[in-house]
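Commentary on secondary and tertiary structure
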Amino acid sequence: MNPLVEFCISNLAKGAQETYEILEKDPNIDVLEYGCLSYCTLCDSTFYALVNGDIVEADTPEELTGKIYQYIEENPLF
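I will try to describe carefully the structure that is included in this document.

About the thresholds
Residues numbered from 1 in each chain as written. Predicted model: local features only at pLDDT ≥ 70, side-chain atom pairs only at ≥ 80, totals over all residues. Heavy atoms only, no water. Phe/Tyr/Trp six-rings, centres within 6.5 Å; stacked < 30°, edge-to-face > 60°. Helix = DSSP H or I, 4+ residues; strand = E, 2+ residues; numbered from the N terminus. Buried < 20%, exposed > 50% of the residue type's maximum accessible area, 1.4 Å probe, protein only. Lys NZ or Arg CZ within 6 Å of the ring centre and 35° of its normal. Pairing = 2+ DSSP bridges. Right-handed = clockwise from strand over helix to strand, strands pointing away.

**Comments concerning the packing of aromatic side chains**
Applying the stated criterion across every chain yields a total of 2 aromatic pairs. Ring geometry for F7 against Y20: centres 5.6 Å apart, planes inclined by 75 degrees, an arrangement best described as edge-to-face. With F7 in strand β1 (residues 4-8) and Y20 in helix α1 (residues 9-24), this pair connects stretches of sequence that are 13 residues apart. The exposure class of Y20 is buried, given its relative accessible area of 9%. Plain terms: the ring middles of Y39 and Y48 are 6.0 Å apart, the flat faces sit at 65 degrees to each other, and that makes the pair edge-to-face. Among the residues examined, Y39 registers a relative accessible area of 31% and is labelled partly exposed. On the basis of relative accessible area, Y48 is assigned to the buried category, the value being 0%. The aromatic ring of F47 is capped on one face by K14, whose charged end is 5.3 Å from the ring centroid.

Here it is, written out as C-alpha cells:
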C-alpha cells in the first residue's frame, strides 16, 4: 500500500502543480487531484496537500515537496 497524496485543483493552479508532477513520477506514492478538498481558506493562503488524510502545508512548492516526503518518512504505513 502506497501513501496517498491528494491535491485541490485550485491549489495546483496556484503553483502546487510542480509538486504534483514530481510526486506523480514516484512509483511509491499514489497521487490524486480533486476539484475541491474543502479547505478553501488554507488553499487561498498557502500550498498544501493531504497526505494519508493529514494536511501538509508550505510556503513554496519546493518546500511542499520536501515536507511531503518528510511526512511520509516519519509516518510510514504498516
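Moving on from the coordinates now.
**Examining the pairing of strand β2 (residues 30-34)**
Both β1 and β2 contribute to a ladder of 5 bridges, which runs parallel. Within β2, the residue paired with F7 across the bridge is E33. Viewed along the sheet, the connection from β1 through α1 into β2 turns out right-handed.

**A word on the pairing of strand β3 (residues 47-51)**
Among the 5 residues in β3, 5 count as buried, and that is most of the element. Side-chain alternation along β3 places F47, A49 and V51 on one buried face and Y48 and L50 on a second face that is also buried. With 2 bridges joining them, β1 and β3 adopt antiparallel strand pairing. Looking at the pairing, V5 lines up with V51 of β3.

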